[in-house]
Amino acid sequence: MKRLVIYLVVTFGLSWGLLIPAGLALGTFEQGEGSSVTMVALIALSMFFPLVGALVANFACAPEERINLCWKPRIRQNVPQYLAAWFLPTAITLVGGVLFFALNPQWFDPTMSTFIETTAATAGVSAEQLASQMPPVPVLVATVAVAAILFAPFINMIPAFGEELGWRGMLFPTLAELTSERNAALVSGVIWGLWHAPVIAMGHNYGMGYAGFPFTGILTMILLCTAFGCWLAYLRARSQSVWPCAFAHGAFNAIGNIGLYFCIAGQTLFGPTPLGLVAGIPLLIVGAICWMRLSARQPR
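Residues numbered from 1 in each chain as written. Predicted model: local features only at pLDDT ≥ 70, side-chain atom pairs only at ≥ 80, totals over all residues. Heavy atoms only, no water.

A. Representation of the overall build of the protein chain within the structure. What the protein chain contains, in helices and strands, is 13 helices and zero strands. Counted from the first residue to the last, the protein chain has its helices and strands arranged as α-α-α-α-α-α-α-α-α-α-α-α-α. Expressed as lengths along the three principal axes of its C-alpha atoms, the size of the protein chain is roughly 65 × 45 × 30 Å. Relative to its full complement of 300 residues, the protein chain shows a buried share of 50%. (Helix = DSSP H or I, 4+ residues; strand = E, 2+ residues; numbered from the N terminus. Buried < 20%, exposed > 50% of the residue type's maximum accessible area, 1.4 Å probe, protein only.)

B. Here's a closer look at the side chain of T174. Within the secondary structure, T174 sits in helix α8 (residues 137-176). Note on T174: relative accessible area 2%, which makes it buried. Here the side chain of T174 touches R3 through a polar contact of 2.9 Å, side chain to side chain. T174 has contacts with R3, L4 and I67, leaving out every residue within four places of it along the chain. (Polar contact = N/O pair within 3.5 Å; in protein donor to acceptor, adjacent residues only side chain to side chain. Contact = heavy atoms within 4.5 Å.)

C. Local environment of the pattern of salt bridges. As enumerated under the stated definition, the model contains two salt bridges in all. Note that R3 is salt-bridged to E177, the shortest N-O span being 3.3 Å. Highlighted residues: R3 in helix α1 (residues 2-26) and E177 in the loop between α8 and α9 (181-195), separated in sequence by 174 residues. For R3, a relative accessible area of 9% corresponds to the buried category. (Salt bridge = Lys/Arg side-chain N within 4 Å of Asp/Glu carboxyl O.)

D. Expanded view of the nonpolar core. Residues W167 and W231 are the most contacted members of the largest nonpolar core, which totals 55 residues. The element contributing the most residues to this core is helix α11 (residues 215-239), with 13 residues. Ignoring sequence-local partners within four residues, the contact set of W231 consists of A84, A85, L88, P89, A248, F252, V286 and C290. With 14 residues, the next largest nonpolar core counts I255, I258, F262 and C263 among its residues. (Core = buried A, V, L, I, M, F, W, Y, C linked by side-chain atoms within 4.5 Å.)

E. Seen up close, the packing of aromatic side chains. Scanning all chains against the criterion turns up 21 aromatic pairs. Geometrically, the ring pair formed by Y7 and W167 is edge-to-face, given 5.7 Å between the ring centres and 90° between the ring planes. Of this pair, Y7 sits in helix α1 while W167 sits in helix α8, and the two are 160 residues apart along the sequence. With a relative accessible area of 0%, W167 lands in the buried category. Aromatic ring contacts, followed pair by pair, group Y7, F12, W16, W167 and W195 into a single cluster. Its guanidinium or amino end placed over the ring of W192, R168 lies 4.2 Å from that ring's centre, counting from NZ or CZ. Cation over ring: R182 sits above W291, and NZ or CZ is 5.0 Å from the ring centre. (Phe/Tyr/Trp six-rings, centres within 6.5 Å; stacked < 30°, edge-to-face > 60°. Lys NZ or Arg CZ within 6 Å of the ring centre and 35° of its normal.)

F. Quick look at α9. Look at α9: 21 Å from first C-alpha to last across 15 residues, which is about the 21 Å you get at 1.5 Å a residue. For α9, the set of buried residues is R182, A184, A185, S188, G189, I191, W192, G193 and W195. (Expected span 1.5 Å × (residues − 1).)

G. Expanded view of the environment of V95. With respect to the helices and strands, V95 occurs in helix α5 (residues 79-103). Residue class for V95 comes out exposed when judged on its relative accessible area of 51%. Separated by 18 residues in sequence, V95 and Q77 have C-alpha atoms that sit 29 Å apart.

H. Expanded view of unusual backbone geometry. The omega angle of the peptide bond from F213 to P214 is -5°, so this bond is cis rather than trans. The residue P214 is located in the loop between α10 (197-201) and α11 in this model. Following G271, the chain continues to P272 via a peptide bond in cis, the omega torsion being 10°. Phi is positive for N205, close to 80°, though the residue is something other than glycine. The residue N205 is located in the loop between α10 and α11 in this model. N205 gets classed as partly exposed once you look at its relative accessible area, which sits at 23%. Notably, Q240 is not glycine yet its phi reads approximately 60°, a positive angle.

In structure tokens:
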């Protein structure tokens, strides 16, 4: 219990203690995270605070009370887990995106005109000028998809490791000492989702224009993080390593936003990324399956 309390206090203390005052000072709670490059950098930095919390919690305990954080990759023993971590995020994202646009065809923009206009406005150029410098849409999408699937997960898993060493390396197994793996996966997923509350209130993931902002966004994030967390907890329990979790997390971050290229409305509470209530249905299903495969036994 001591290890659990220290981890939560350090992780939330560092994260919320940095992001909330910075958000108030920089005005990102009113203008959105995109209004400040500094805030974007601070949010990226906060991904390493769960790692700090895990290390502090472990070293604050006596040696016999510390937990194995499972640093070793254990690739040879876990090839199926690594392959699932690499390619399943793409399948979940694509199926969820197709489902989202099938139910919301009025938001589908095959020409990417909305994305081009938004990008041009951010870059300070005209949409026509930007479009003239871009390759044809099919070529652009294919290039981005190949990079997101084959290369970006290896880069993104580094900051994702900063989170996963905390959430799946420390929090999940610590909770599993107190209750079943199934309960531990649910509780750790809820805590992980709640940890995102300040950035959701800054418009991260869902924007700021939806009904019930920011509370409905926070609840949606908690739900989808719990589903994703159940799969990551299963990877952690099956592989005895946090690296498949970091790889899956990095792969999701790499491919998850590809649907935004074609969405007139941008990101909404319902999609097109897997963190939406509709586009996230495949993720919810995968999370439920993995949760069922976790142990329901209470620890002795």
